[in-house]
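Examination of the molecular architecture
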Protein chains: 2
Amino acid sequence: MAAKMKEVAKLANVSTATVSRVFHEPERVRQETREKVLAAVAQLNYQPNALARHLRRLKTNIILVVVPDITNTFFSGVLRGIEEIATKNAYRVIVGDAESDPENEYDYVNLLRQKQADGMILLSARMDQGMIEQLAEEYPVVLACDYVKSSTVPIVSIDNELGAKQAVRYLVELGHKHIVHIAGPLHTVLSQDRKRGFLKGMEEASLSVNDGDVVIGHFSYEGGRDAAMSVIQTGKVPDAFFCASDEMAFGVINALHASGYVVPRDVSVIGFDNIPFASIFQPQLTTIAQPMRQIGVKAMEMMLALLEGEALSLRHEVLQEELLVRETTKPNA
Amino acid sequence: MAAKMKEVAKLANVSTATVSRVFHEPERVRQETREKVLAAVAQLNYQPNALARHLRRLKTNIILVVVPDITNTFFSGVLRGIEEIATKNAYRVIVGDAESDPENEYDYVNLLRQKQADGMILLSARMDQGMIEQLAEEYPVVLACDYVKSSTVPIVSIDNELGAKQAVRYLVELGHKHIVHIAGPLHTVLSQDRKRGFLKGMEEASLSVNDGDVVIGHFSYEGGRDAAMSVIQTGKVPDAFFCASDEMAFGVINALHASGYVVPRDVSVIGFDNIPFASIFQPQLTTIAQPMRQIGVKAMEMMLALLEGEALSLRHEVLQEELLVRETTKPNA
DNA sequence: CTGAAAGCGCTTACAG
DNA sequence: CTGAAAGCGCTTACAG
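Residues numbered from 1 in each chain as written. Chains lettered and ligands numbered in written order. Predicted model: local features only at pLDDT ≥ 70, side-chain atom pairs only at ≥ 80, totals over all residues. Heavy atoms only, no water.

So, on to the packing of aromatic side chains. In total, this model carries 15 aromatic pairs over all chains according to the counting rule given. Judged by centre distance (4.6 Å) and plane angle (35°), the rings of A:F250 and A:F281 are tilted. On the criterion of sequence distance, the pair formed by A:F250 in helix α11 (residues 246-258) and A:F281 in the loop between β9 (268-273) and β10 (286-289) is long-range, its members being 31 residues apart. Judged on exposure class, the residue A:F250 and its partner A:F281 are both buried. With centroids separated by 5.3 Å and ring planes inclined at 90°, the aromatic side chains of A:F277 and B:F250 adopt a geometry described as edge-to-face. (Phe/Tyr/Trp six-rings, centres within 6.5 Å; stacked < 30°, edge-to-face > 60°. Helix = DSSP H or I, 4+ residues; strand = E, 2+ residues; numbered from the N terminus. Buried < 20%, exposed > 50% of the residue type's maximum accessible area, 1.4 Å probe, protein only.)

Have a look at this one:
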């Protein structure tokens, strides 16, 4: 069924070298020959076998993007930025979905090790940190969104601590004093930074943070909902919630509504990320927006630099986050 | 850096054939030899080059899933089902995001043609239909969710016409008489079927469908919102909207709310798909649920059958859709 | 401008 | 139980 280059060569009465050149350096082939070859290609409906090409060239022009959870639209935004730059530079992007299980991330690493991709962009850093650093030494690896504390791995992200501080400052500005932070799992540096930003912001405003004012949840709707429920059940409902992700914020809002509290009338809520749904949900979510597409763009640009063997001017690109005030926050009565 | 099999063989004092066997048929290698080889593998941190293996075996154990739009969480659900079965059968899944542009789908087809994947599962049928059929003759191809009118391409989907009919029947049961259908782009068979289901359902109930009672929109939040706005502006707001997707339904609801109509008090709205957000959105969306994961499971099972050269018992698997009554529908006053 | 030939890194039928 | 050797389908430095 699938014709091989040899058959094309035979039909066109040339060598396989010439067929190959018609594809990759057509200007080096006489026009007449070229046409003969192209006719044969068309007649046999020939498609070169990329596996063979890649093996020969030791290069696949494929970039693997490992997404921790493809269900989260935050990552889709980043992915789009990556795809844009990759396509412009003749790279193809394939996506590996870790299904929220770090084990699967290790599995995708093997795709890289086994040379099925030229480089890997990780949208999560839940793997063993030493392993990530070692990988980055051996292969072109870029970390985006999440990060590790390392000076060697190329990273692109926002300043999560600053973003969290901004959220707190805004809530403080609105007159809120009792603010609860729904944090993400603290084994990611990103959650730690947002939490630290929360604590520093509170300190800055001379507000106290008591036991129970930081609740750890999963990065998910259910995580936010359950965390909020546990807070509500203590009977001490705060003036405002600052959530480490938009999905968690939706959970918090619905938990509040289910318990008879109205957002933002009774309680203000602020999220993090600005996923598309943040402006679809009612009330529209106030949030710290990450420049998702831009993160992807930058990550792929760094990847290209790594692939070209260029020195990176910056090992950690920090992009700008932004407070988007919408409908879930309100001055304290 | 990356060691080759040859080096491992040398270090272990065996042939590359033996090294290869240690990986793929360890039982055929004497334990002592095996241990020697594994020690060498460990010492050199050896990883086999998959490209070479795939070329030699003419098999990649990779399945390419082409998603029309990775931003739509409906497809994430299907993907999870595919991944589950693939992993169990030693296949790896890579995702190609067409970014809502059929052109990109053609590009991913080349991955298949160039032998970088053993098979392809298409989650959209917007490519030229003849092309899809031809592809399916040459390669293992399964179509899921969307479909073409063909008896040759293996397909798994729900009965979209029936699903739409069910939606209409339920609205009729609630006493609604003037029902507007927000349809998806009619160049997909899936949209045509849902529209036909709507029309048949209306006919069944002896309800009239006038000009303007079927509005075509994009399969997106904005598509639904704009379509609803155009309806609202005519001044003839219906008793109920039946939307061809959940995302569109959110757009419709928000457009209604922005125009002073309350859902479901004034207008009922019903969606299609049951994406995760359907039960997060407030009010929770009544919808026709597709068994997303199950569709993925079945699609991958069909793919496995194709890869094994087994005959498919059924070329078009039709799975069960289900009406989920939640909060956006209400009896007509 | 074109071809012969080596080689990318594996796997496997065959022989022993 | 193990090895020598052919071969998967390309690309490319070299020679002409």
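This brings us to the relation of the copies chain B and chain A. When chain B is brought onto chain A, the operation consists of a screw motion whose angular component is 180° and whose axial shift is 0.1 Å, with 0.1 Å RMSD remaining. Here the copies are linked by what is in effect a two-fold axis. Within chain B, the C-alpha atom positioned nearest to the axis of rotation is that of B:V95, 2.5 Å from it. A share of 98% of the interface residues of chain B reappears at the interface of chain A, consistent with the copies meeting face to face through the same patch. (Least-squares fit on C-alpha atoms with pLDDT ≥ 70 in both. Contact = heavy atoms within 4.5 Å.)

Close to DNA strand C lie 27 residues; A:R21, A:T33, A:R56, B:S20 and B:R56 are nearest. The separation between a phosphate oxygen of DNA strand C and a polar main-chain atom of B:M5 is 3.0 Å. Listing elements by their share of the surface near DNA strand C, those giving two or more residues are α2 (16-24) and α4 (50-57) of chain A together with α2 (16-24) and α4 (50-57) of chain B. Here the surface near DNA strand C takes 5 residues from α2(B), the largest share from any one element. (Near = heavy atom within 4 Å. Polar contact = N/O pair within 3.5 Å; in protein donor to acceptor, adjacent residues only side chain to side chain.)

On to the environment of B:G309. Following the sequence through the fold, B:G309 ends up in the loop between α12 (292-308) and β11 (316-319). Each C-alpha atom, one on B:G309 and one on B:A144, is 19 Å from the other, the two residues being 165 residues apart in sequence.

All right, on to the sheet that holds strand β7 (residues 214-216) of chain B then. Residues and elements named next belong to chain B. The mixed open sheet is built from 6 strands, whose spatial order is β7-β6-β8-β9-β10-β12. Both outer strands of the open sheet, β7 and β12 (322-324), are each paired with one neighbouring strand and no more. Each adjacent strand pair in this sheet contributes to an overall mean axis angle of 20°, direction not counted. Note: strand β6 (residues 179-183) against β7, 3 bridges, orientation parallel. (Pairing = 2+ DSSP bridges. Axes fitted to C-alpha atoms, helices over the stretch in contact; angles between N-to-C directions.)

Attention now moves to the protein's contact with DNA strand D. Near DNA strand D there are 28 residues, and of these A:S20, A:R56, B:R21, B:T33 and B:R56 occur at the shortest range. Counting only the atoms of DNA strand D that lie within 4 Å of the protein, the sugar and phosphate share comes to 63%. A distance of 3.0 Å is found between a phosphate oxygen of DNA strand D and a side-chain nitrogen or oxygen belonging to A:Y46. Residue B:S15 places a main-chain N or O atom 3.0 Å away from a phosphate oxygen belonging to DNA strand D. If you list the elements that add at least two residues to the surface near DNA strand D, you get α2 and α4 of chain A together with α2 and α4 of chain B. For the surface near DNA strand D, the leading source of residues is α2(A), giving 5 residues. Along the lines of polarity and charge, the residues of the surface near DNA strand D split into 10 nonpolar, 9 polar and 9 charged. (Nonpolar A, V, L, I, M, F, W, Y, C, P; charged D, E, K, R; others polar.)

Residue and element names in this part refer to chain A. With respect to the helices, strands and loops of the structure, D118 is situated in the loop between α6 (102-113) and β3 (119-122). From its side chain, D118 meets the backbone nitrogen of N61 in a polar contact 2.6 Å long. In contact with D118, not counting residues within four places along its chain, are K59, T60, N61, I62, Y91, L112, P140 and L307.

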